[in-house]
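Overview (structure and organization)
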Amino acid sequence: MIELAENRYGKSRVRLMKVTRHPNGHDLREWTVQVLLKGDFDSAHLDGDNSKILPTDTMKNTVYSLARASKATSMEDYAKELTDFLLGRNPQASSASVRIETTMWKHLTVDAKPHPSAFMRGSNELQTTSVDRAQGESFHILSGLDNLVLLKTAHSSFEGYIKDSLTTLPETKDRLFGTAVRAEWQYTSTDLDFETVRTKIRETMLRTFANHDSKSVQQTLYAMAASALEDVPEIDEIEITMPNKHCLLVDLSRFGQDNPNEIFVPTDEPHGYIEARVRRRS
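Within every chain, residues take consecutive numbers counted from 1 along the sequence as written. Thresholds applied to this predicted model are a pLDDT of at least 70 for local features of residues and 80 or more for the giving and counting of side-chain atom pairs; totals over whole chains, interfaces and linings are not thresholded and use all residues. Hydrogen atoms and water are omitted, and side-chain values are computed over all heavy atoms in the structure.

**Some words on the environment of Glu269**
How we decide: Numbering goes from the N terminus for both helices and strands, where a helix is a DSSP run of H or I of at least four residues and a strand is a run of E of at least two.
Structurally, Glu269 can be placed in the loop between strand E9 (264-266) and strand E10 (272-279). As for Glu269 and His246, which are separated by 23 residues in sequence, their C-alpha atoms are 8.4 Å apart.

Written out as C-alpha cells, the structure is:
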C-alpha cells in the first residue's frame, strides 16, 4: 500500500528591495523570501487536480504587493503579515511558513557623515527569520544570523586535549581564532520590537567574543550563548554553530627567519565544526 505521507510547496528565492523615503533620507532593505504552504493538496499529487493549488507565481506577486502596503520595519513583522495574508486567502492550507534573509546595506559615509540616499554593501552576513503559523493557532518565530565572520588575534589558546599516536597538533597559548557564526534563537513573545532585540543579541555576542579569554571554541561559544540569554529576556534558547577557521603559523626557519606569531596562512578547509543549543533551565 502506497500513500502520500506529507507535502508542502511554495516559492523560493524571491528577491525584494524596498526603499522607504523620508524627508531627510531613505531606508533600504533587501530581503530574500521563501513561502511554503502545507495542507490539503493530495488531489494535485494523486489526480493531477490543481483546483486547490495557489500558483507559486501568485505567491511571488503577493510578496511584492504586500511589501508595497506594509508598514513593517522588521522582517519578522513583515513575515507575520505575509503568513496571515496567505492563510486568510487559502483555507485549504493548514499552515504557512515564511523564511526571510536580509542582505546588509549601510549608508555610504561622505565627508565624515552618512549620505541620506547612497549605500554600500556590508559584509556577507545574513539576518534571518522563519515564521510559521497553522490555521487558528499562534505564530512560531525563529530568528537568527548567518555567516557572521569574526577573528581575534589574542586571548585564545588550546591546550590539555587528548593526544594519541595520530596527534600532530601542537598546544598553543596564543593562537588566532577565526570563525563564521551561525545563530538562531527562539523568542518568548511574538509581539516585540524585533529589530531592537536582534541588535542587542548581536552586540552582546560580539562583545563576549571580543573580551572572552578563550580556552577552546566550545568555551567561547557557550559564553556567547549564555551572555545573550542573560542580557536579553525576550529569548529563551539559542543555538550557535561556530566553525573553527584555522590560521596556520608559517615556518620561516628555512629562510633563516623567526616568526613570533605574526605570519599565518588562513585556510577554510578542512575546519573544525562546533555547535550547541543553550537554553534557560526550566
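**What about helix H2 (residues 56-69)?**
Applicable threshold: Between the first and last residue of a helix there are one fewer steps than residues, each counted as 1.5 Å, and that sum is the expected span. Burial classes follow relative accessibility: with a 1.4 Å probe on protein chains only, a residue under 20% of its type's maximum area counts as buried, one over 50% as exposed, and anything between as partly exposed. The arc in question is traced by the directions running from the helix axis to the C-beta atoms. Contacts are residue-level and defined by heavy atoms, with any inter-residue pair within 4.5 Å sufficient.
The first and last C-alpha atoms of H2 sit 20 Å apart over 14 residues, in line with the 20 Å expected at 1.5 Å per residue. Those residues of H2 not exposed but buried are Met59, Thr62, Val63, Leu66 and Ala67. For H2, the arc enclosing every buried residue in end-on projection is 120°, short of the 170-degree limit, so these residues lie on one face. The exposed residues of H2 that point more than 90 degrees off its buried face are Ser65, Arg68 and Ala69. Buried residues in H2 make contact with strand E1 (8-22), strand E2 (25-39) and helix H3 (75-89).

**Brief notes about the environment of Leu36**
Along the chain, Leu36 turns up in strand E2. On a C-alpha basis, the gap between Leu36 and Thr56 in space is 9.2 Å, while along the polypeptide they are 20 residues apart. Excluding its chain neighbours within four sequence positions, the residues that come into contact with Leu36 are Arg8, Tyr9, Gly10, Ser95, Ala96 and Ser97.

**Considerations on the packing of aromatic side chains**
Heads up, the condition is: By convention, a stacked pair of Phe, Tyr or Trp rings (six-membered ring in the case of Trp) has centres within 6.5 Å and planes under 30 degrees apart, an edge-to-face pair has planes over 60 apart, and any other such pair is tilted. A positively charged side chain is recorded as over a ring if its NZ (Lys) or CZ (Arg) lies within 6 Å of the ring centre. The angle to the ring normal must also be within 35 degrees.
In this structure the tally under the stated criterion is five aromatic pairs. Residues Phe158 and Tyr161 carry aromatic rings whose centres are separated by 4.6 Å and whose planes lie at 20° to one another, so their mutual orientation is stacked. A relative accessible area of 15% places Tyr161 in the buried class. The ring centre of Phe139 lies 4.0 Å from the NZ or CZ of Arg133, which sits over that ring. Across the ring face of Phe209, the terminal group of Lys152 is positioned such that the distance to the ring centre comes to 5.3 Å.

**A few points about the packing of helix H4 (residues 194-211) against helix H5 (residues 217-231)**
As a reminder, the rule being used: Note on method: axes are straight lines fitted to C-alpha atoms, helices fitted across the in-contact stretch only, with angles between N-to-C directions ranging 0 to 180 degrees. Just so you know how the angles are binned, under 35 degrees is roughly parallel, over 145 roughly antiparallel, 65 to 115 roughly perpendicular, and the rest oblique. By definition, turning the near helix anticlockwise from the far helix through less than a right angle yields a left-handed crossing, and turning it clockwise yields a right-handed one. Under this grouping Gly is polar, as are all residues other than the nonpolar Ala, Val, Leu, Ile, Met, Phe, Trp, Tyr, Cys and Pro and the charged Asp, Glu, Lys and Arg.
The contact between H4 and H5 brings their axes to 9 Å, and the two run at 140°. One way to sum up the angle between H4 and H5 is to call them oblique. Relative to H5, the crossing made by H4 is right-handed. Contact residues: Lys200, Ile201, Thr204, Met205, Arg207, Thr208 and Phe209 in H4; Thr220, Ala223, Met224, Ser227, Ala228 and Asp231 in H5. Taken together, the residues of the contact of H4 with H5 sort by class into six nonpolar, four polar and three charged.

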